[in-house]
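# Understanding the architecture of this molecule
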Amino acid sequence: MRRLLLLVITVFSTTAWGQAVDSRQPTASAQVNPLLGLPPLPIPADNPQTPAKIALGEKLFHDKRFSIDGTVSCANCHDGNKAFTDNLPVSVGHHGLTGTRNAPTVINAAFYKSQFWDGREPDLEAQSKGPFVNPVEAGLANHEPILQIVRTDPDYHAAFKGVFNVGGDKLTMEHVSKAIASFERSLIAGNSAFDRFYFGGDKSALNEQQQRGLQVFLEQGRCVSCHTIEQDHALFSDSRFHNIGIGINAVQDDVPRLAQAFLEAKNKGGDVDKMVLTDKKSSELGRFAVTDAFNDLGAFKTPTLRNIALTAPYMHDGSLKTLKEVVVHYNNGGVTPADAIVNDFLSGGIRPLNLSDAQIDDLVAFMEALTSEQYAKPKPAAKGGSHE
Ligand code: HEC
Ligand code: HEC
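Residues numbered from 1 in each chain as written. Chains lettered and ligands numbered in written order. Predicted model: local features only at pLDDT ≥ 70, side-chain atom pairs only at ≥ 80, totals over all residues.

Moving on: the overall build of the chain. For the chain, the helix and strand inventory stands at 17 helices and two strands. Residue burial in the chain is summarised as follows: out of 388 residues, 45% are buried. A separation threshold of at least 6 residues defines the contact pool for the chain, and within that pool the share at least 24 residues apart is 69%. (Helix = DSSP H or I, 4+ residues; strand = E, 2+ residues; numbered from the N terminus. Buried ≥ 20, exposed ≤ 12 C-beta atoms within 10 Å, placed from the backbone. Contact = placed C-beta atoms within 7 Å.)

This is the structure:
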């Protein structure tokens, strides 16, 4: 049996999933399927995974030359040592400029039906072109400097020739974005303690507190209505948009004016990507910025909860520091602090939950069991022996 499982893993990790599993990293229990708990990975027909393309995408993802001051790559804000986030409330781009939003993890982003907190891009290919030319991220005026580098650098020349059989003027941003997206599709991670318990039949994988937390998640907390768990897999996201009372509360009285001003700017050709990432108040309009629909005001995409213990702080604005603060916000019925006024556009699914302190702790313990095995490794001790 164990042999058979190993065989299955070997096949998975070298063919269908590209380099989904990094074979250089030894795992504690290699007989467990690292993709346990995940559905089949959607791969666009015109951008199949190959190991060479993934490697090229990884190089592009880490190349700081594609920024106005030579200091910013995708990995600045999506750092592999921080579960592909930056662990900051809002991200820092070139020359220390800050944006308005928290960097989500790229792990498992390939499963979302749209990209960004407001879903303004349809897929990873389209998403990857934005950061280079965003004024508070890489800050380039256009994509030309990138094309200049990938067309002339000998290593890139050889790699693009090998992967796409293109070079010179035929090499475009489409190729660059396809390679980056391919790399991102290799950042797939299941096999958390929860997966081993729920899908793998290992009843000892969750301790008693985590099991109680799972019950709260499914029942009294109603978390599962948006952070979904299906019969044979769990993405912990419905890929839909909800207003759960984050950020918008602070601009509540200003919303009619803000919404109007935003629509006017958009109709005059304003770029949504730039507007929402450079103006804090516009950012809070949420999904409305994409759909112009008033019932999308303050609504954001349900993020996955996989590896959530590693990706603090939380929410689109990074305003909640700990998982406990998140649960208290929900327990209050969509407000922090408890006596704040609920916003007009709050999702109907958000109501006070009446959880006890013990249930709140149980729910937090459950979310800590959603860390995938390959990211669960203890970090090397920081200098001076202290670690956070
Ligand atoms: C300056 C920091 C910064 C840089 C550089 C950056 N990102 Fe991001 N990334 C963010 C932030 C902040 C968001 C959320 C923005 C939003 O939703 O409006 C984000 C969102 C994303 C998402 C969407 C994930 C989801 O859950 O919807 C992906 C994928 C992503 N980035 C990949 C990349 C790639 C690829 C690059 C390089 C081309 C890159 N990022 C460069 C900060 C950064
Ligand atoms: C009505 C849908 C809905 C319900 C119910 C819901 N969530 Fe969420 N959750 C969301 C959305 C949407 C966000 C992002 C909101 C934002 O940033 O403005 C979110 C964000 C989070 C985050 C932060 C994720 C991150 O990457 O920053 C955590 C943790 C979380 N929810 C846990 C829970 C728990 C625990 C429950 C049950 C008590 C729950 N959620 C119930 C929709 C929901």
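We are not done yet, so read on.
Our next topic: the site of ligand 2. Not every one of the 26 residues close to ligand 2 is listed here, only the nearest: C223, C226, Y314, H316 and G349. Ranked by the residues each element gives to the shell around ligand 2, the list is headed by helix 16 (residues 323–331), at four residues. Broken down by class, the residue content of the shell around ligand 2 amounts to 16 nonpolar, nine polar and one charged. (Near = placed C-beta within 6 Å. Nonpolar A, V, L, I, M, F, W, Y, C, P; charged D, E, K, R; others polar.)

With that settled, the discussion passes to the site of ligand 1. Residues in contact with ligand 1 amount to 29 residues; listed here are only the nearest, C74, C77, F116, W117 and P131. Residue assignment for the shell around ligand 1 shows that the elements contributing at least two residues are helix 3 (74–77), helix 4 (124–127), helix 5 (130–133), helix 8 (173–185) and helix 13 (272–278). For the shell around ligand 1, the element with the most residues is helix 3, which contributes three residues. Grouping the constituent residues of the shell around ligand 1 by class yields 18 nonpolar, eight polar and three charged.

Another aspect to go through is the confidence of the model for the chain. Per-residue confidence for the chain gives a mean pLDDT of 91, with 89% of residues at or over 70. This stretch, residues 1–30, has a pLDDT under 50; its non-local contacts, to residues over four places away or in other chains, come to 30 contacts. Contacts of residues 384–388 to residues separated by more than four positions or lying in other chains number three contacts, the stretch itself having pLDDT below 50. (pLDDT = per-residue confidence, 0-100.)

Residue position: R101 is located in the loop between helix 3 and helix 4. With 23 C-beta atoms counted inside 10 Å, the residue R101 sits in the buried group. In sequence terms R101 and T278 are 177 residues apart; their C-alpha atoms lie 9.3 Å from each other.

Another point: the packing of helix 2 (residues 51–61) against helix 8. Where helix 2 contacts helix 8, the two axes come as close as 7 Å, and the packing angle between them is 100 degrees. Relative to helix 8, helix 2 is oriented roughly perpendicular. Two secondary-structure elements touch here, helix 2 through K53, I54, L56, G57, E58, L60 and F61 and helix 8 through V176, A179, I180, S182 and F183. Across the contact of helix 2 with helix 8, the residue classes tally to eight nonpolar, two polar and two charged. (Axes fitted to C-alpha atoms, helices over the stretch in contact; angles between N-to-C directions. Parallel < 35°, antiparallel > 145°, perpendicular 65-115°, else oblique.)

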